Amino acid sequence: LAVHSFIAFGVDRWKNSDLYEIISNFSLGKGWVPRIASSIGSLSKLESLVKAVGQRSFCVFCLDKNDTEEIFLGIGLAIGMGRPFLVIKHKNIELPTSLSGYSGVIEFDSYIQLKDQLSKYEDKFLSNEVFEWEGATYNDLLSKLEKQMGSMSPAKLNDFESVLLTVNSVLGDITAK
């Protein structure tokens, strides 16, 4: 089997060994190697974060109650780069409005449930089909959000606009280099 890799953010072996084990074993025996960013804070430079997202076949973002803006910036970069990604979150963690409707969100109540939910993505993500994943592109998310805009509050619209401007700004800087 050819060796491919993906990167996982928001996973810390010492803070949550169960989550670490599930993500580490997700690709076991499939020819895919997880690269786990032990601390998103270690990717303090935007350029390093862009490189980490851009160099992998897909990304996994694990949300928790202590998320930093770097996690969300990483998601924005993955969207802007058209990089397939999964978002893993406990059912008690609120998903940002800009990601509602995205089909790669795995919500769980227990780690057994997470393992079962994650296994449903094996065929798509741990194969060459990952490069055809629908829902991972900037335009796909925009089209889904466009349908929701009429029901958004002015504050949510401002948040959404800020995310779009940030992604456009970052991608413009990278393209210029």
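None of these values were measured; they are calculated from a predicted model. (Residues numbered from 1 in each chain as written. Predicted model: local features only at pLDDT ≥ 70, side-chain atom pairs only at ≥ 80, totals over all residues. Heavy atoms only, no water.)

Asker: When you look at the overall build of the chain in this model, what are you seeing that I'm missing?
Answerer: Check the secondary structure of the chain and you find 7 helices and 5 strands. Counting helices and strands in the order they occur from the N terminus, the chain gives β-α-β-α-β-α-β-β-α-α-α-α. Looking at the chain as a whole, 38% of its 177 residues are labelled buried. Counting contacts in the chain only where the partners sit at least 6 residues apart, residues at least 24 apart contribute 69% of the total. Of the roughly 9,900 Å² of accessible surface on the chain, a fraction of 50% belongs to carbon and sulfur atoms. (Helix = DSSP H or I, 4+ residues; strand = E, 2+ residues; numbered from the N terminus. Buried < 20%, exposed > 50% of the residue type's maximum accessible area, 1.4 Å probe, protein only. Contact = heavy atoms within 4.5 Å. Areas by Shrake-Rupley, 256 points an atom, 1.4 Å probe, with all protein chains shown as cover.)

Asker: Where do I start with the sheet that holds strand β5 (residues 105–108) in this structure?
Answerer: Backbone hydrogen bonds are what pair the strands of a sheet, in a parallel or an antiparallel way. Spatial ordering of the open sheet is given by β2-β1-β3-β4-β5, a layout of 5 strands whose pairing is parallel. Looking along the sheet, the strands with just one partner apiece sit at the ends: β2 (32–36) and β5. Here the strands of the sheet are splayed against their neighbours by 20° on average, with no regard to which way each runs. Here 4 bridges tie strand β4 (residues 85–90) to β5, and the two strands are oriented parallel to one another. Within β5, the residue paired with V87 across the bridge is V105. Lying over the sheet, helix α4 (residues 111–119) contacts β4 and β5, oriented at roughly 155° with respect to β5. (Pairing = 2+ DSSP bridges. Axes fitted to C-alpha atoms, helices over the stretch in contact; angles between N-to-C directions.)

Asker: When you look at the pairing of strand β1 (residues 4–9) in this model, what are you seeing that I'm missing?
Answerer: Along a regular strand, successive side chains alternate from one face of the sheet to the other. Taken across its 6 residues, β1 has 5 buried, putting it largely inside the fold. Inspection of the sheet shows β1 paired to β2 by 5 bridges, in the parallel sense. Bridging from a neighbouring strand, A8 pairs with I36 of β2. Handedness of the β1-helix α1 (residues 17–25)-β2 crossover: right-handed. Where β1 and strand β3 (residues 59–63) come together, 3 bridges link them in parallel fashion. Residue A8 lies in a different strand from β3, and its bridge partner there is V60. (Right-handed = clockwise from strand over helix to strand, strands pointing away.)

Asker: Quick question: what am I supposed to make of the packing of aromatic side chains here?
Answerer: Aromatic ring pairs: the centre-centre distance and the angle between the two ring planes describe each pair. Using the criterion set out here, one finds 8 aromatic pairs in the structure. Consider the rings of F6 and F26, whose centres lie 5.9 Å apart with planes at 80°: the pair is edge-to-face. Taken together, the residues span a long stretch of sequence, with F6 in strand β1 and F26 in the loop between α1 and β2 at a distance of 20 residues. For F6, a relative accessible area of 0% translates into the label buried. When the ring of F6 is compared with that of F58, the centres are 4.6 Å apart and the planes differ by 10°; the resulting orientation is stacked. On the criterion of sequence distance, the pair formed by F6 in strand β1 and F58 in the loop between α2 (46–54) and β3 is long-range, its members being 52 residues apart. The two residues F6 and F58 agree in class, both being buried. Three or more aromatic residues joined by ring pairs make a cluster, and in this case those are F6, F26, W32, F58, Y121 and F125. For R13, the ring lying beneath its charged end belongs to W14, and the centroid distance is 5.7 Å. (Phe/Tyr/Trp six-rings, centres within 6.5 Å; stacked < 30°, edge-to-face > 60°. Lys NZ or Arg CZ within 6 Å of the ring centre and 35° of its normal.)

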